[in-house]
Amino acid sequence: MNPAYRPYHPKWHRERMPIFWWLGQLSYIKFIVRELTSLAVGYAAVLLVAEVCALDRGAAAHARFLRFLAAPPVLAFHLLVCAALLFHTVTWLNLAPKALVLRVGGRRLPDGAVVAGHYLAWVLASGAVVWWLRGGL
Amino acid sequence: MPRPREPFFWALFSSGGMIAALVLPALALWLWVARPLGWVAGPTGPELAALLAPPLLRLCLFVLIALALFHWAHRFRYTLYDGLQLAHLYGLIASICYGGATLLTAFAAWALWHLPRLP
Amino acid sequence: MPEATATIRLEVLRYRPEEDTEPVWQSYEVPLRRDWMVLDGLNYVKDSLDGSLSYRWACRMGVCGSCGMMVNGKPTLTCASYLAALAPGPVRVEPLRGFPIVRDLVIDLREFLDKLKSVKPWLLRDEEPPLAAGEHLQTPEQLAEYKPYSMCINCMLCYAACPIYALEPGFVGPAAIALAQRYNFDSRDQGAAERLEILSQHEGIWACTFVGECSAVCPKGVDPAGAIQRYKVAATAAWWRSVLMPWGAR
């Protein structure tokens, strides 16, 4: 007998979400990993600012920064950061057709075309970045 | 419109996510993997200063940094709400995320402004 | 009718508010017939084993949206889920996650129905044309704009799949937003701005973080996740227009 029971005013049961609900199924784990790539994006921004600061402080400071980048644990960590950035890119571009629905001549552009267009943009943007870094501009 | 903040931050989040997706992998692999490993020669300090000499390029880098930071801020805020169920700390988390992003963005602007001019 | 005597165990989460303070598991052995769905198994339980089991069902063919439950942790229409595909079992059957449990497998829908009503899922017109003008005409292309979103059967599997709905009580939820979009994209509708006022508040659409599970479990291909993302883009564009061009008409 449920001591809280009142006839005509039953106690409905509401399940609490556990803190680690996202460990419950693979799709949730993949979702949280995807969301955590935002940390890599933020870190990349911070590292860019750090390099600009080192430049501000002069050649010696920048040389120290480059040596910091070359230290093995730092390098290993940055490899992880790069992997996270790539995961961000791939998951972001693959989801683009969900948000961007274009109509051409009355027919909806197929999802594959939207994704392909985004990947092309990625290739072009990467090319532009590399061209700039090699002093092309 | 009640609570006008969300569309504003979502716009920053989505444009930050797009720019980060398109530009950051190549930039990161070049600057922080290929360059320290010696696979590519530069850019060295003076070379990088030269690359950032045109104000337009400083502006581009600033925009990239700012949008990337606000992308992180918005997304991480929701990750904390949902992943760790900290939604009751709404104000504190929003202040830390957006406040942190704002401070770092301001600092980035200052740092880019003060890049040494080339002789 | 002699069939194979193979059986499969259903583990059902029971909750009787007058007896239980917490839900309890109860097991039943049901015949494993090749053409039986989980719903048939539940009907067998109620007919032959335990008449006290409570659950909702109606059409048993995947169009009414009544029989949604968690089957082995996945939101499923029990009338569309073969028992044989889940062999050798046991098959865990629980009420849809994220909703208060009224009794056994029956959940309280009122929160969903209130949220659905709040997005005004009907044609909103600024002015009605006179009867003499005839019907609203619509081309096949205009129909295709909103047709997928109109396929929603309100089964709420998407709500059970959405972790945000369970975490954020004010979130309007996938089906409600998809149905709002069904009308927003309908060429006969003029209420997009009115719905935007309601949905643009914090919990309306912004709580969604695009987990995407709603679209993965939808039995009708409605793609609520896509509907929500498109709504975020539209709401953001509308907000920027109102900020940058406040004199413009909506």
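Source: prediction; values computed, not measured. (Residues numbered from 1 in each chain as written. Chains lettered and ligands numbered in written order. Predicted model: local features only at pLDDT ≥ 70, side-chain atom pairs only at ≥ 80, totals over all residues.)

**Section: the overall build of chain C**
In plain terms, the rule: By the criteria applied, helices consist of DSSP H or I runs no shorter than four residues and strands consist of E runs no shorter than two, each listed in order from the N terminus. Exposure is read from a count of other C-beta atoms within 10 Å of each residue's own; the residue is exposed at 12 or fewer, buried at 20 or more and partly exposed in between. C-beta atoms are placed from the backbone. Two residues form a contact once the distance between their C-beta atoms, set from the backbone, is within 7 Å.
When you go through chain C residue by residue, the secondary structure sums to 10 helices and seven strands. Among the 250 residues that make up chain C, the fraction classed as buried is 44%. By sequence separation, contacts in chain C at least 24 residues apart represent 66% of the contacts at least 6 residues apart.

**Description of the confidence of the model for chain A**
Operational definition: For every residue, the predictor reports its confidence as pLDDT, a number between 0 and 100.
Summary statistics for chain A give a mean pLDDT of 90 and a share of 98% for residues scoring 70 or more. Between the elements of chain A, mean pLDDT differs from a low of 77, seen in strand 2 (residues 107–108) of chain A, to a high of 96, seen in helix 3 (residues 72–94) of chain A.

**Structural notes on the domain arrangement of chain C**
Residues and elements named next belong to chain C. Applicable threshold: Note that the domain bounds were set by an automatic or database domain assignment.
Each domain of chain C was delimited in the assignment, giving domain 1 (7–107) and domain 2 (110–244). If you average the C-alpha positions of domain 1 and of domain 2, the two centres end up 30 Å apart. With 13 residues of domain 1 in contact, the opposing surface of domain 2 contributes 12 residues. Of all elements in the fold, only strand 3 (68–71) and strand 4 (74–77) reach the threshold of two or more residues within the side of domain 1 that touches domain 2.

**Let's talk about the nonpolar core**
Filter applied, for reference: Definition of nonpolar core: a set of buried Ala, Val, Leu, Ile, Met, Phe, Trp, Tyr and Cys residues joined via C-beta atoms within 7 Å.
Counting residues in hydrophobic clusters, the biggest one holds 75 residues, and the most contacted among them are M156(C), C158(C), I177(C), L179(C) and I205(C). Sort the elements by how many residues they give to this core and helix 6 (residues 174–184) of chain C lands first, with seven residues. A domain split of this core shows at least three residues from each of domain 1 (7–107) and domain 2 (110–244) of chain C. Setting aside anything within four residues of it in sequence, one finds M156(C) in contact with G68(C), L96(C), F112(C) and A175(C). In this structure, V41(A), V49(A), A66(B) and L67(B) belong to the second largest nonpolar core, which totals 52 residues.

**Some remarks on the sheet that holds strand 2 (residues 24–31) of chain C**
Residues and elements named next belong to chain C. As a reminder, the rule being used: A pair of strands counts as paired when DSSP detects no fewer than two bridges linking them. Axis definition: a line fitted to C-alpha atoms, over the contacting stretch in the case of helices. Angles run 0 to 180 degrees between N-to-C directions.
The sheet built from five strands is open, its strands ordered 2-1-5-3-4 with mixed pairing. The open sheet has two free edges, formed respectively by strand 2 and strand 4, since each of these has just one partner strand. Averaged over neighbouring strand pairs, the angle between their axes works out to 35 degrees when direction is ignored. Pairing analysis gives eight bridges linking strand 1 (residues 7–14) to strand 2, with the strands arranged antiparallel. Considered in strand 2, the bridge of T7 is made with P31. Sitting on the sheet, helix 1 (residues 38–49) touches strand 1, strand 2, strand 3 and strand 5 (91–94), and the angle it makes with strand 2 is about 95 degrees.

**A look at the interface of chain C and chain B**
Selection criterion: Three categories are distinguished: nonpolar for Ala, Val, Leu, Ile, Met, Phe, Trp, Tyr, Cys and Pro, charged for Asp, Glu, Lys and Arg, and polar for the others, with Gly belonging to the last.
Counting from both sides, the interface comprises 15 residues of chain C and, opposite them, 12 residues of chain B. For the side of chain C that touches chain B, the secondary-structure elements that each account for two or more residues are helix 5 (163–167), helix 8 (202–206) and helix 10 (224–244) of chain C. The element that contributes the greatest number of residues to the side of chain C that touches chain B is helix 10 of chain C, accounting for six residues. Grouping the constituent residues of the side of chain C that touches chain B by class yields seven nonpolar, six polar and two charged.

**With respect to the pairing of strand 4 of chain C**
All names here are of chain C. One ladder, built from four bridges, connects strand 3 with strand 4; its direction is antiparallel. Note that in strand 4 the partner of G68 across the bridge is L77. Connecting the antiparallel pair strand 3 and strand 4 is a turn made up of two residues, with N72 showing a positive phi of about 50 degrees.

**So, helix 2 (residues 110–118) of chain C**
Residues and elements named next belong to chain C. To keep it simple, the criterion reads: By construction, the arc corresponds to the directions joining the helix axis to the C-beta atoms.
Listed in full, the buried residues belonging to helix 2 are F112, K115 and L116. Along the long axis of helix 2, the arc covered by the buried residues comes to 100 degrees, so they all point the same way. Facing away from the buried surface of helix 2 by more than 90 degrees, the exposed residues are R110, L113, D114 and K117. Residues of helix 2 that are buried make contact with helix 4 (157–161) and helix 6.

**Some points on the interface of chain B and chain A**
Contact with chain B, which involves 41 residues of that partner, is made by 44 residues of chain A. When contributions to the side of chain B that touches chain A are tallied by element, the ones reaching two or more residues are helix 1 (5–34), helix 2 (45–51), helix 3 (55–83) and helix 4 (90–113) of chain B. The biggest single contributor to the side of chain B that touches chain A is helix 1 of chain B, with 14 residues. By residue class, the composition of the side of chain B that touches chain A is 32 nonpolar, seven polar and two charged.

**Some details on the packing of helix 1 of chain B against helix 3 of chain B**
Residues and elements named next belong to chain B. Stated formally: Note on angle classes: values under 35 degrees are labelled roughly parallel, values over 145 roughly antiparallel, values of 65 to 115 roughly perpendicular, and the remainder oblique. Helix crossings get a hand from a simple test, with the near helix turned counterclockwise from the far one by less than a right angle marking a left-handed crossing and a clockwise turn marking a right-handed one.
In the contact formed by helix 1 and helix 3, the axes pass within 7 Å of each other and the chain directions differ by 120 degrees. If you check the angle between helix 1 and helix 3, you find them oblique. Regarding helix 1 and helix 3, the two cross each other, and that crossing is left-handed. Residues F9, W10, L12, F13, S15, G16, G17, I19, A20 and V23 of helix 1 touch helix 3, and the partners they reach there are L64, L67, A68, F70, H71, H74 and R75. Looking at side-chain class alone, the contact of helix 1 with helix 3 contains 11 nonpolar, five polar and one charged residues.

**Structural notes on unusual backbone geometry**
Residue and element names in this part refer to chain C. Residues A87 and P88 are joined by a peptide bond in cis, for which omega reads 0 degrees. Within the element layout of this structure, P88 appears in the loop between strand 4 and strand 5. G89 connects to P90 through a cis peptide bond whose omega is 0 degrees. With respect to the helices and strands, the residue P90 is situated in the loop between strand 4 and strand 5. Of note, the phi angle at D104 is positive, near 45 degrees, even though the residue is not glycine. When you line up the elements, D104 lands in the loop between strand 6 (101–103) and strand 7 (106–107). A positive phi is found at N154, a non-glycine position, where the angle reads about 55 degrees.

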